[in-house]
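Fold and contact review
Chain by chain, the residues run as shown.
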Amino acid sequence: MREEHPSNSAGSFAYGTFLWNLTKARHAMSALAQEAFSARDKELALVASEGDWNKAAFGLLVAAARAMRNEISRSIRDNCAGAVLQIAWTLFDAHLDLLGIPLENRRDVKSGHLFSGAERFSRVLWASRNAFAHGPEWRAGGPKTPAGRLSAEILRAVGVNDPLKEDIFNLFILLGDGDIEVFIGRLQEAAKEVATATPVTAIAPAQADAAATAAVGLLVIGVGLLAYHVIKTVTSDTEGIVAFQFTDDDHTVSVPIAKGKLGSPMQFRTIIEEEAVLALSLERAAPFKEADARLKAWNSQLEALSAIDVGSARFYRDLLDLSDRIEEIYALVLRLPEPFQLLVDERGCRSLEECHALMASLLEAHGFRKIPYREVQTSALSLNDSAKAGTRRRAEVTVRSVPLEP
């Protein structure tokens, strides 16, 4: 089910920003939780009969080793669970800050799951995070600040008998019923609830800029998908002539190639490149086809991403996978030669007339009509002010769409 956002626009913006930040931290939270759950205690070893001294000695050694291992496991559980609590509270605290709730009032925010009919998730999270951050102080002589004493009261209210000595891992288990996805779901629920309940009219500009920067990252990916489709679908009813253009002494010379309906220069380039790849030998076309297949698969995954709730674990995993895969595709594309030039070399074209015939044949596959080869001289430098007089048939020719009559 898709997440329903708060109704007020500022609250929706703040909640969306929270979800984006949670998306970035979610993998780390899940990994830490996995480490905490994996650090299990081992049962203490049975001590062998004293009648066999060697076995008894080994039994004592194993018992000591297991006790030490269990102590390490407990430390791993508490520190990994505590890190999850710290990350979660940092995200939630930033959310409250974006909503404009003063620092001194954030401990009083009550939102999310209700524990033991007494305290809400947000307050239990705040208190549990404090227990993690100030554990040594609490165990040494109890909390010495009003915030610490309030934290202990909150934990007692939800059934923690001795908050000063309770394992942090047990507090994490309490908050999420022993499931990291339940924990994250309750964190989202609390963030949404407070965003809906808080009367917010505006977001601080600096905070809005930071959130907007994150949103732009997603928009850039979306624009990539849009551009990929638009290039291939632009159409036009205007008929024009595609031509080579080069300079010859003091004149600009055009060589018409074909007539047809051309939506944009980008569409023309797409046609030439795609048809050139199709005309290449299987061996030389293989890298182009691989890049195209990978890009199509990437766009399909991006379309799937748009249907996933931004707060879900799948969204995070797919987003990172998209980022990694587009880098791989980009590295592959950078190594590709220009396909038309590759085809020219493969076909052994040595003259402008041969290149003209080859390009015209590629365009014919898309409804263009070939124009017999001829050179049309126009006014000196009129179509290319940057051309240099005295250059004889420059090797780098430009392809232009110009309104010439055959």
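Every chain is numbered independently, its residues counted from 1 as its sequence is written. In keeping with the model being predicted, local features are shown solely for residues with a pLDDT of at least 70 and side-chain atom pairs are shown and tallied solely at 80 or more, while totals for entire chains, interfaces and linings include all residues. As a rule here, side-chain values cover all heavy atoms of the structure and leave hydrogens and water aside.

Looking at the confidence of the model for the protein
- Of all residues in the protein, 74% have pLDDT values of 70 or greater, and the mean over the chain is 77.
- Of all the helices and strands in the protein, strand β7 (residues 398-402) carries the lowest mean pLDDT, 42, while strand β1 (residues 114-115) carries the highest, 94.
- Confidence of the predictor in every single residue is expressed as pLDDT, which spans 0 to 100. It only takes one pair of heavy atoms within 4.5 Å for two residues to be counted as in contact. pLDDT under 50 marks residues 209-216. Its contacts with residues more than four places away, or in other chains, come to three contacts.
- A low-confidence stretch, residues 380-406 stays under pLDDT 50, and its non-local contacts, those more than four residues away or across chains, total 59 contacts. The way it works is that DSSP assigns letters per residue, a run of H or I at least four long becomes a helix, a run of E at least two long becomes a strand, and they are numbered from the N terminus.

A word on helix α12 (residues 339-347)
- Only protein chains enter the area calculation, which uses a 1.4 Å probe; residues under 20% of their type maximum are buried, those over 50% are exposed, and those in between are partly exposed. Among all positions in α12, only P339, F340, L342, L343 and V344 are buried.
- Contacts described as polar in this section are N or O atom pairs within 3.5 Å, which, within protein, must combine one atom able to donate a hydrogen with one able to accept it, while residues neighboring in sequence count only if both atoms come from side chains. Measuring from the side-chain oxygen of the N-cap residue of α12 to the backbone nitrogen of F340 gives 3.1 Å; that N-cap residue is E338.
- Within two residues after α12, G348 carries a phi angle of roughly 75°, on the positive side.

Observations regarding unusual backbone geometry
- Even without glycine at this site, S116 takes up a positive phi of about 55°.
- If you trace the backbone, S116 turns up in the loop between β1 and β2 (119-120).
- On the basis of relative accessibility, which here comes to 57%, the residue S116 falls in the exposed class.
- The phi angle at D177 is positive, at roughly 55°, despite the residue not being glycine.
- Along the chain, D177 turns up in the loop between α6 (168-176) and α7 (180-197).

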